[in-house]
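Reading the structure
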Amino acid sequence: MRKLSKPASVYLAIMFVILYAPIAYLIFYSFNSGGTMSSFDSFTLEHYAAVFEDTRLIVILLNTVLIALLSGLIATVIGTLGAIGIVMMRSTRMRSVLLSLNNVLIVSPDVIIGASFLILFTMLGVKLGFASVLVSHVAFCIPIVVLMVLPKLLEMDETYIDAAYDLGASKRDVLTRVILPYIQPGIFAGFFLALTYSLDDFAVTFFVTGNGFSTLSVEIYSMARTGITLTVNAISGIVFVITLLVVFGYYFFLNRAKTAAAEVHQ
């Protein structure tokens, strides 16, 4: 791997400081006993204890994680099958149309997507809550999964599939024993990226959540409007740690998948 030049290293260091300094500042003051972010009095865990003593916040945290896991899993299944279907299409024009439609959902503002789902659910008479949030999260996560899986499919040598058919494999065998193992890194990448997007989404969730259901992003926004307290810092710190665990989990599974793929090719 080529070593970065000194100016490039300095530039990267500055960028990381700019990105992570506010987060570090927020988490640092979540341990402040003074109750403000103007001066640090002494170390305390009372704000984290307040979070875990608040049953409503715990339920909201569990709701957020559950929505992220379910939407990530469902979007990964649909997105993976969708990517395979797009690649298998013989019509180049139709393939381009579907890819364009997929990309439009990614670049569309979240506010438009959220408002569109709100109008749709209102027209259908769907009660806003867990189901509406889950469907919305699945919808905006599917294009992400498709984009993560497509590169692995496109780089796959078609002779693997031809060889499997020559050996008497059925279409199901080709899918489960040839295609899916090969694109496994892309599937994991899509799942963890969808999981991350779902965890930190606010705009879409804000439109489609109901009075009896909320996620952490919406709850933190509501709490911040009434005045910043260090409980908000504590919740934000917990969300940041969860996100870090998701990222580390992604790299762990990605490395395992690469190792397994290398062993198969040897």
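Fair warning: this is a prediction, and the values are worked out from it, not measured in the lab.

1. What about the overall build of the protein?
Within the protein, the secondary structure is distributed over 12 helices and zero strands. Ordered by position from the N terminus, the helices and strands of the protein form the series α-α-α-α-α-α-α-α-α-α-α-α. If you line up the protein on its principal axes, its C-alpha atoms span 70 × 60 × 35 Å. Counting every position in the protein, which comprises 266 residues, the buried fraction comes to 36%. Sequence-distant contacts, at least 24 apart, represent 71% of the contacts inside the protein between residues at least 6 apart.

2. Here we look at the nonpolar core
Ranked by internal contacts, the top residues of the largest apolar core, which has 32 residues, are Val-149, Leu-153, Ile-179 and Ile-183. Core analysis: the second largest hydrophobic core is formed by 13 residues, Ile-27, Leu-57, Ile-60 and Ile-238 among them.

3. Description of the packing of helix 3 (residues 55-88) against helix 6 (residues 130-155)
Two quantities define a packed helix pair, namely the angle between the axes and the distance from one axis to the other. Two elements in contact, helix 3 and helix 6, have axes separated by 6 Å at closest approach and are oriented at 45°. With respect to helix 6, the element helix 3 is oriented oblique. Remark: the crossing between helix 3 and helix 6 carries right-handed chirality. Looking at side-chain class alone, the contact of helix 3 with helix 6 contains 22 nonpolar, five polar and no charged residues.

Criteria and cut-off values
Residues numbered from 1 in each chain as written. Predicted model: local features only at pLDDT ≥ 70, side-chain atom pairs only at ≥ 80, totals over all residues. Heavy atoms only, no water. Helix = DSSP H or I, 4+ residues; strand = E, 2+ residues; numbered from the N terminus. Buried < 20%, exposed > 50% of the residue type's maximum accessible area, 1.4 Å probe, protein only. Contact = heavy atoms within 4.5 Å. Core = buried A, V, L, I, M, F, W, Y, C linked by side-chain atoms within 4.5 Å. Axes fitted to C-alpha atoms, helices over the stretch in contact; angles between N-to-C directions. Parallel < 35°, antiparallel > 145°, perpendicular 65-115°, else oblique. Left-handed = near helix turned anticlockwise from the far one by under 90°. Nonpolar A, V, L, I, M, F, W, Y, C, P; charged D, E, K, R; others polar.

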